[in-house]
Amino acid sequence: MDVGWVYTVQESMHAYASNVYSSVVEELSRVKSRKFIAVEQEFFRLWWVNVATDWHQKQVRQLLNEGRLEFIIGGQVMHDEAVTDVDDAILQLSEGHGFLYETFGVRPRFGWHVDPFGASATTPVLFALAGFDAHLISRIDYDLKDDMQKNKKLQFVWRGSPSLKEKQEIFTHTMDQFSYCTPSHLPFSNRSGFYWNGVALFPDPPKDGIYPNMSLPVTKETVELYAQTMVDNIKQRAQWFRTSHVLWPWGCDKQFFNASVQFMNMDVLMNYINTHSDKYGVAVQYATLQDYFQTVHQTNLSWDVRGNQDFLPYSTEPFQAWTGFYGSRNVLKGVARRASSLLYAAESLFTRYRISYPDGPVQREWALDKLKALRWAVSEVQHHDGITGTESPKVADMYMEHLMQGMMGAEELLAAIFLLPQTLEPSNDIHHTPLTRSTRVKSDSGNVLEQHIIVYNPLAWNISTYINISVAYALAVVLDDDGKAVPAQIQQSMESSTVYDLFFVVELGGLQYRKYIVQFPQSHCDTGSACGATHVARVVKFTKKNVSQWKRTGRKLLPVLNECYKLMFDQETNLLHSITDRCEKMRVRVQQDFWEYEANGDVHSGPISDNYIFTANGSAIPAYKSVAMEIVAGKVVSEIRQYFYREEEDKNHTYSVVTRVPVGFEGGLACFRLEQSYKVGPLEMNRETVFRTCTSLKNNRTLFTDNNGYQMMKRTYKTFVNNTIARNYYPMVRAAYIQDDSSRVVFLGERAHGVASLSQGQLEVMLHRRLWNNQEWNLGYNLTLNDSSVVRPVLWMMLGSPSALSSIYQQEALELQHRPVVMPIDQPQKPWNQGEKFSGPFVQPVVVPQNLHMQTLSIPGWNYSPDHTQHLHSLNSGGERKSEIDFDRILLRITHLYEEGEDPVLSQPTVINLKEVMRGIGEVTKVQERSLTGTWNISDLQRWSWKTNESVRKEERIDFFSGTTQDFSVTIYPKEIRTFFIYFK
């Protein structure tokens, strides 16, 4: 059941989803042999809380105990696999699993990823880490599926991670060509087959229970016809699999909303086949996924091993490459990721607050409610018609509204944590600090306005970077919490002549926040004072250049430098000409500009592009005829602003890119990143816009892109009879790069995009799409992607030797995703009391080694006992109704960012002591290692092992999850994601 595709969650609940659960529970209770599998927890939870009666709830518990109702996957949604970030996939899975385990004591063991558009190699790893025994997929390339079917290769053991190998392998079943729905064609009827409850009706279910397109009932006259059709299909499928057991999915999208009609007909048909099984050579039974996989497991066959290849991209026929959705609804993709990083920051900050000030004034239940609302919204949008951009406009609006409301709540929580005194006695917090003011702008003090800004670093690494705020004054001075003036820069904004961009340097420890004071002198300011720390940067404008008049390019070059790079801009074209890596003394030719694909929107004149599908109607064409440039030379950041005009005579530009070169960060990570902000749109109709980077690298059109930000995949260029451009597009979630023997050019993103390398040394990123077509199906469901928005994505570009960049790009990608949270806590105003105090940062840093990342630090609020037996006991004695929320259980995840062998130093297993790492927050008293979603004690988790055709290599380390030692030390191996419950004194 799609958690938002054509209809909103509310519309779906009303029209059919509630009825699925109510009527299925009633029907399973009537007949003991019936079984049912259910997937998405968002719909189930809404039904459980708002609709289910006490009787329904009692029956659900009973059916789960009997194994006749089975929850599979168990996440909030069936998440997309191409454009979701690994952290968000884990979040939505943990949200659903936490609810199921807390409420029923059940832990899903099987995947059912039947509908995402292509399959990532990260998903089987996550499912293995969550304790699953088997996984199931369906949508993979049509020609590949055909081949696997013929050779009985649809089932295999998947080792999704090259570093975790067989430790986290999982048996995987691929649905055959009939996919996950019952075949709908009946040779004896013009209605669709096997769907006696018909088709769900919107907006309201029919009063008389008569739905459109209900299949012919199974009667004396039709039963034999139905039986023969079903048996023929089962036998056809049986020849594609190695065992005599065939999984026959009975259902589809939006089915079983009228389960009595459905089961009544199914019962009669199945009984008939079983009574005549000698004749048909087939016996049928209701089953759960557990029943099926258990039967296959017991055959004890040996299976082929699949390494860490994924199934992306996905095509359904020669002109249907599902690579368009990598770039659809760029705004929604950006907001979804922004909401996720705000949640990440709010979770760790609240955890820190709760441990430091257990009786502080921020009410804990209120705080947890704010976090839960944002967890729900971020989980929901991971649905495979959510963040993909493949939903109708009203559903996109629903996702946006839920995300925005959740973000507002999280911002209220941050403000409360920063602004309310943390204890009632004066102490060293934000409001009461020793040391009086040591620095003031030397000017008439009555003439200074002040603004207070809190900056929080949500990562568990020390960082040094710059932040940017918009201000209304032409001069500003920034003081840190020691009262020292920090390096700053102010300049005219691009957007408006009355606004200024203020950049200033921030130095923050891991999980540390600091308060900065921005002072705005209203009269002349003496540069010998603190004012000297702020550089007033000037904007230099260059003549607009028409492409038609380019003559001798590459002659008049203008350098822009920092400690790591020298960028050369060509004054003949106003485009980038080359970048030199100053550490390695290596120069690479680089040109960057905007191109467009013109899409066909008329189904009668050829293949189309839509929400899902990208069909390049010929090669891309340059999207501009002239370029203007401005350069701002700075002391904190130098800025190059390029404006692209569709026509020479246009007054307003169509596209812009601003490249920011950080200055003064020698030796720091910030030095290596060239930040590019794009402004794209509104597009003309049926245009798909790419930002193309052409370099002198000899990469042979080979591209590397990430799977969900978890691991990098090598993408070699493939030539097809049709649709070669679209079928060489891949999703980029956090990172993509091209390289040759000496150089690598990396792009990092804060939202997902489609990327390709279509010619030597080239990398293009699809930034925006606006499409309309006349295909009836698209028009009927309003799925045409007429997206008239302006999008403003950000990419960080890095250039250097492959070895130098492979040691930092993972960390850089996370610093982009989790940039410091900047919170102005007042408007510019007359200074607070004269005795403003400075005492340095308020909190101690929390830091992990640079090859590890603190992926989660949160208070989930689950109330179940971590001891499984005890939890089941309390559920059986009705305990789930009374248990208190557990605010003392902290969920901690730590991940190793490197693959085996990727870096000589950083790829080593790393030992950390959790007590030492957490000392900045409080004293750890107890640690328990758990499965990925927290529901298993790791020592209780025994997954099924499957026989494979590969000889087992003797591994040097016997046990991956060696758990924690008595003194809270843990060894984390390459690519592990380790999950703990930790408790503080």
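Rules and cut-offs
Residues numbered from 1 in each chain as written. Predicted model: local features only at pLDDT ≥ 70, side-chain atom pairs only at ≥ 80, totals over all residues. Heavy atoms only, no water. UniProt positions renumbered as here; feature names shortened; annotations may be inferred. 1 Å grid on protein atoms, 1.4 Å probe; cavity = no way out; pocket = protein on both sides within 12 Å on 5 of 7 lines; lining within 4 Å. Points joined across faces, edges and corners; volume = space filled by probe spheres on them. Helix = DSSP H or I, 4+ residues; strand = E, 2+ residues; numbered from the N terminus. Nonpolar A, V, L, I, M, F, W, Y, C, P; charged D, E, K, R; others polar. Pairing = 2+ DSSP bridges. Axes fitted to C-alpha atoms, helices over the stretch in contact; angles between N-to-C directions. Contact = heavy atoms within 4.5 Å. Disulfide = S-S within 2.5 Å. Buried < 20%, exposed > 50% of the residue type's maximum accessible area, 1.4 Å probe, protein only. Phe/Tyr/Trp six-rings, centres within 6.5 Å; stacked < 30°, edge-to-face > 60°. Lys NZ or Arg CZ within 6 Å of the ring centre and 35° of its normal. pLDDT = per-residue confidence, 0-100. Parallel < 35°, antiparallel > 145°, perpendicular 65-115°, else oblique. Core = buried A, V, L, I, M, F, W, Y, C linked by side-chain atoms within 4.5 Å. Patch = residues over 30% accessible without salt bridge, like charges linked within 9 Å, V, L, I, M, F, W, Y side chains within 5 Å. Areas by Shrake-Rupley, 256 points an atom, 1.4 Å probe, with all protein chains shown as cover. Salt bridge = Lys/Arg side-chain N within 4 Å of Asp/Glu carboxyl O.

- The name that an unreviewed UniProt entry assigns to the chain is Alpha-mannosidase, with the source organism given as Cyprinus carpio carpio.
- Quoted verbatim from the Sequence similarities (unreviewed entry) heading of the UniProt record, the comment on the chain is "Belongs to the glycosyl hydrolase 38 family."

## Some points on empty space enclosed by the protein
Taking a probe equal in size to a water molecule and rolling it over the atoms shows the remaining empty space.
Turning to step 1, where the next piece is worked out: The tally for this structure, following the rule as stated, stands at nine cavities of 30 Å³ or more.
Turning to step 2, where the next piece is worked out: The computed volume of the largest cavity comes to approximately 340 Å³.
Turning to step 3, where the next piece is worked out: Residue lining of the largest cavity: 22 residues in total, with Leu91, Leu343, Glu347, Thr856 and Arg893 positioned closest to the centre.
Turning to step 4, where the next piece is worked out: Going through the elements one at a time, helix H4 (86-104), helix H11 (330-356), helix H12 (364-380), strand E36 (852-858) and strand E37 (890-896) are the ones with two or more residues in the lining of the largest cavity.
Turning to step 5, where the next piece is worked out: For the lining of the largest cavity, the element with the highest residue contribution is H4, accounting for six residues.
Turning to step 6, where the next piece is worked out: Residue composition of the lining of the largest cavity, grouped by class: nine nonpolar, seven polar and six charged.

## Things to note about the sheet that holds E36
Turning to step 1, where the next piece is worked out: Here four strands make up an open sheet; going across it, the order is E36-E37-E41-E39 and the pairing antiparallel. The sheet terminates laterally at E36 and strand E39 (924-930), the two strands that pair on one side only. The average angle at which neighbouring strand axes cross in this sheet is 25 degrees, direction not considered.
Turning to step 2, where the next piece is worked out: In the sheet, E37 pairs with strand E41 (residues 977-984) via six bridges, with the strands oriented antiparallel. The residue of E41 that forms the bridge with Arg893 is Thr979.
Turning to step 3, where the next piece is worked out: The strands touched by H11 are E36, E37 and E41; relative to E36, the strand with the most contacts, the crossing angle is about 65 degrees.

## A short note on the sheet that holds strand E25 (residues 674-680)
Turning to step 1, where the next piece is worked out: Read from one edge of the open sheet, ten strands run E16-E22-E23-E24-E25-E34-E31-E30-E27-E28, paired in antiparallel fashion. Looking at strand neighbours, the two that pair on one side only are strand E16 (539-546) and strand E28 (711-715), the edges of this open sheet. This sheet shows a mean twist of 20 degrees between the axes of neighbouring strands, independent of strand direction.
Turning to step 2, where the next piece is worked out: Examined bridge by bridge, strand E24 (residues 655-662) and E25 share six bridges and lie antiparallel to one another. Within E25, the position partnered with Tyr655 by the bridge is Val680.

## Section: the state of the cysteines
Turning to step 1, where the next piece is worked out: As enumerated under the stated definition, the model contains two disulfides in all.
Turning to step 2, where the next piece is worked out: Across the disulfide from Cys181 sits Cys252; the S-S distance is 2.0 Å. Note on the Cys181 and Cys252 pair: the S-S dihedral is about 60 degrees, so by sign convention the disulfide is right-handed. Separated by 71 residues along the polypeptide, Cys181 in the loop between strand E5 (170-174) and helix H7 (223-238) and Cys252 in the loop between H7 and helix H8 (259-275) bring together distant segments of the chain.
Turning to step 3, where the next piece is worked out: Each disulfide pairs two cysteine sulfurs, and for Cys564 the partner residue is Cys671, the sulfurs being separated by 2.0 Å. Between Cys564 and Cys671 the sulfur-sulfur dihedral comes to about 130 degrees; the bridge is accordingly right-handed. Taken as a pair, Cys564 in the loop between strand E17 (557-561) and strand E18 (565-570) and Cys671 in the loop between E24 and E25 lie far apart in primary sequence, 107 residues in all.
Turning to step 4, where the next piece is worked out: Given a relative accessible area of 3%, Cys564 falls into the buried group.
Turning to step 5, where the next piece is worked out: Left unpaired, Cys583 is separated from the closest cysteine sulfur, that of Cys564, by 4.8 Å.

## Describing the packing of aromatic side chains
Turning to step 1, where the next piece is worked out: Summed over the entire model, instances satisfying the criterion amount to 67 aromatic pairs.
Turning to step 2, where the next piece is worked out: Summarising the aromatic geometry, the rings of Trp248 and Trp250 are spaced 5.2 Å apart at their centres and angled 90 degrees between planes, so their arrangement reads as edge-to-face. The pair Trp248 / Trp250 is uniform in exposure class, with both members buried.
Turning to step 3, where the next piece is worked out: Taken together, the ring pairs connect Trp5, Phe117, Tyr314, Trp322, Phe325, Tyr326, Tyr612, Trp777 and Tyr781 into an aromatic cluster.
Turning to step 4, where the next piece is worked out: The ring of Phe156 has Arg306 sitting right over it, with the charged end atom 5.9 Å from the ring centre.
Turning to step 5, where the next piece is worked out: Taking NZ or CZ as reference, Arg744 lies 3.9 Å from the ring centre of Tyr737, over its face.

## A look at the confidence of the model for the chain
Turning to step 1, where the next piece is worked out: With 95% of its residues at a pLDDT of 70 or more, the chain has an overall mean of 94.
Turning to step 2, where the next piece is worked out: Counting contacts from residues 425-438, a segment whose pLDDT is below 50, to residues more than four positions away or on other chains yields 39 contacts.

## Remarks on the packing of helix H1 (residues 9-30) against helix H2 (residues 41-50)
In a packed pair of helices, the relevant descriptors are the angle between the two axes and the axis-to-axis distance.
Turning to step 1, where the next piece is worked out: Two numbers describe how H1 lies on H2: the axes approach to 10 Å, and their chain directions differ by 75 degrees. As summarised for this structure, H1 and H2 are arranged roughly perpendicular, according to the angle between their axes. Contacts between H1 and H2 involve Val9, Ser12, Met13, Tyr16, Ala17, Ser18, Tyr21, Ser22 and Val25 from the first element and Glu42, Phe43, Phe44, Leu46 and Trp47 from the second.
Turning to step 2, where the next piece is worked out: Along the lines of polarity and charge, the residues of the contact of H1 with H2 split into ten nonpolar, three polar and one charged.

## Quick word on the UniProt feature "domain: Glycoside hydrolase family 38 central" (unreviewed entry) in the chain
Turning to step 1, where the next piece is worked out: The sites that UniProt annotates as "domain: Glycoside hydrolase family 38 central" (unreviewed entry) are residues 320-403.
Turning to step 2, where the next piece is worked out: What you have in residues 320-403 is 65% helix and 2% strand, and the ends, taken at the C-alpha atoms, are 31 Å apart.

## Examining the nonpolar core
Turning to step 1, where the next piece is worked out: Formed by 146 residues in total, the largest nonpolar core has its most connected members in Leu269, Met854 and Met918.
Turning to step 2, where the next piece is worked out: If we ignore the near neighbours within four places in the chain, the residues touching Leu269 are Phe194, Trp196, Val218, Val223, Tyr226, Ala227, Met230 and Trp250.
Turning to step 3, where the next piece is worked out: Counting residues in hydrophobic clusters, the runner-up holds 66 residues, among them Tyr565, Ala623, Trp796 and Ile808.

## Description of a nonpolar patch on the surface
Turning to step 1, where the next piece is worked out: The grouping of Met685, Trp772 and Leu779 at the surface amounts to a nonpolar patch, some 260 Å² of accessible area in total.
Turning to step 2, where the next piece is worked out: Tracing the backbone shows Leu779 in helix H15 (residues 776-781).
Turning to step 3, where the next piece is worked out: Looking at Leu779, the relative accessible area reads 40%, which means it is partly exposed.

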